[in-house]
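Commentary on secondary and tertiary structure
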Amino acid sequence: EEKRKLEEEKNDGPLIRTGSGTSTTSHDVADDTQAWLHPKIKTEEVEALLSGKEEGTFLVREHRPSQRAYALSVVFRGRTTHHLLKAPEGAAATIGAAKNEKTLPGTGLSAAILHLREKHAYWPAPLREHIPRQRVEDTERVQLVPEPEPVSDTNDSNDNDKNNGDEDRVDEGENIDSILLEKMGNSEAGSLLSGKENGDFILRKYNTPDNYVLSVVYRNRATHHLLRAPTEEPAAFLNKTGGVKSQLPVTGIANVVSHLRSEHNYWPAPLKFAIDREGNRVDNNNEGGDNSDDNQDEDDEEGTPWLHSAMSNSQVAEMLNGREDGTFLVRAYKPDVEQFALSVVFRGRCTNHLVEASTNDTAKLLNKGKSTNLGVTGLAAVVKHLREEHAYWPIPLKEHIPV
């Protein structure tokens, strides 16, 4: 009885006894009522939610709901790990992808979570405390900059109408054709990266389809990483024998590049500029999008009609009230360190985002203590870049509010 009560506390609901043992899977306790089950949310947001938590802290998020596939994220050795969890109706659940897939006892998502609260040789850390499901209105109150008139982080990351789950993005992150090189040796790649900045990289084909080598400058030298990135299953870094070294929470090589532009515990340096065969930096943001030439021509350092002086969030919200989605303006925030607030209408309301755009370094989006490298330099280049679709940006910029 004492053990039963303990398990009820862990699973936020009564246990249902079945013929094969204890399970939370039944018509009385539906999987989608569990507090640890979240809708589709970005991997970056999951890692922020689990940052600093004890080992075994976890959450589950929807991955492909129609297939009853989920992503189980758990803290292991101080960092967040992500695992594909399938729980088809009436069948045994499985954990892991492709060759590493393991069948679990019982049926249903709740039974899988209950099973993984115990120690198993194939599982990194027994599940303990969970991160409860958040409401969208809760996430909208998160403050981006804790200073007077802060810029609020209001990306609505939890909404299912937009494809925000990193695992579901398929080759939408980058224009890969402009940066993917043919096969070359590590020595040639290292020579091309010699003298380049940390984060500059070369993406090249490997021996088999969906396999690539990503070479990146880290601590002023070239490092080389073999990876597999099919579009139908999570990407993974491989060891020298071709086995899976670590799994990534995205599918497709385009999304891998986009994902690795941000900081991660398992990656040496956020990606900045791609390098071509002549050793030159590639501007990977010139193509794509359906913006008018008029909008593109505005985005040069000589003409920034969207750049306003410092003003309050309420003033900006009033200026953008009633405007179409994608309407935007940029305002000075901390000019001495080249930080700006970019405000854009998304789903009928004003959202605010902090941008650091130095003319001498790669621009960054700063969000809840994390930064995303944009691969461009200068504020005008940032605005031009964000006129296109990106997995980390809510909506392409369109018309601006003039000064």
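Residues numbered from 1 in each chain as written. Predicted model: local features only at pLDDT ≥ 70, side-chain atom pairs only at ≥ 80, totals over all residues. Heavy atoms only, no water.

This part is about the overall build of the protein. Scanning the protein from terminus to terminus reveals nine helices and 22 strands. The buried share of the protein, taken over its 403 residues, is 53%. Pairs at least 24 apart in sequence give 49% of the contacts found in the protein among residues at least 6 apart. Carbon and sulfur atoms make up 45% of the accessible area of the protein, which totals about 19,000 Å². (Helix = DSSP H or I, 4+ residues; strand = E, 2+ residues; numbered from the N terminus. Buried < 20%, exposed > 50% of the residue type's maximum accessible area, 1.4 Å probe, protein only. Contact = heavy atoms within 4.5 Å. Areas by Shrake-Rupley, 256 points an atom, 1.4 Å probe, with all protein chains shown as cover.)

With that out of the way, let us pick up the packing of aromatic side chains. With the rule as written, the count across this model stands at one aromatic pair. Ring geometry for phenylalanine 237 against tryptophan 267: centres 5.4 Å apart, planes inclined by 10°, an arrangement best described as stacked. With phenylalanine 237 in strand β13 (residues 236-238) and tryptophan 267 in the loop between α6 (253-259) and β15 (274-275), this residue pair connects regions lying 30 residues apart in the sequence. Of the two residues, phenylalanine 237 and tryptophan 267, both sit in the buried class. (Phe/Tyr/Trp six-rings, centres within 6.5 Å; stacked < 30°, edge-to-face > 60°.)

Now for the sheet that holds strand β17 (residues 307-308). Spatial ordering of the open sheet is given by β17-β18-β19-β20-β21-β22, a layout of six strands whose pairing is mixed. Whereas interior strands pair on both sides, the edge strands pair on one side only; in this sheet they are β17 and β22 (370-373). (Pairing = 2+ DSSP bridges.)

Attention now goes to the pairing of strand β11 (residues 211-218). Of all eight residues in β11, seven are buried; the element is thus mostly enclosed. Pairing geometry for strand β10 (residues 201-205) and β11, over five bridges, is antiparallel. Pairing of phenylalanine 201 across the sheet is with valine 216, part of β11. The hairpin turn running from β10 into β11, its antiparallel successor, is five residues long, and aspartate 210 in that turn takes a positive phi close to 75°. Bridge count between β11 and strand β12 (residues 221-228): eight bridges; the pairing is antiparallel. Bridge pairing in β12 links valine 217 to alanine 222. Here β11 hands over to β12 after two residues, with arginine 219 in that stretch at a positive phi of 55°.

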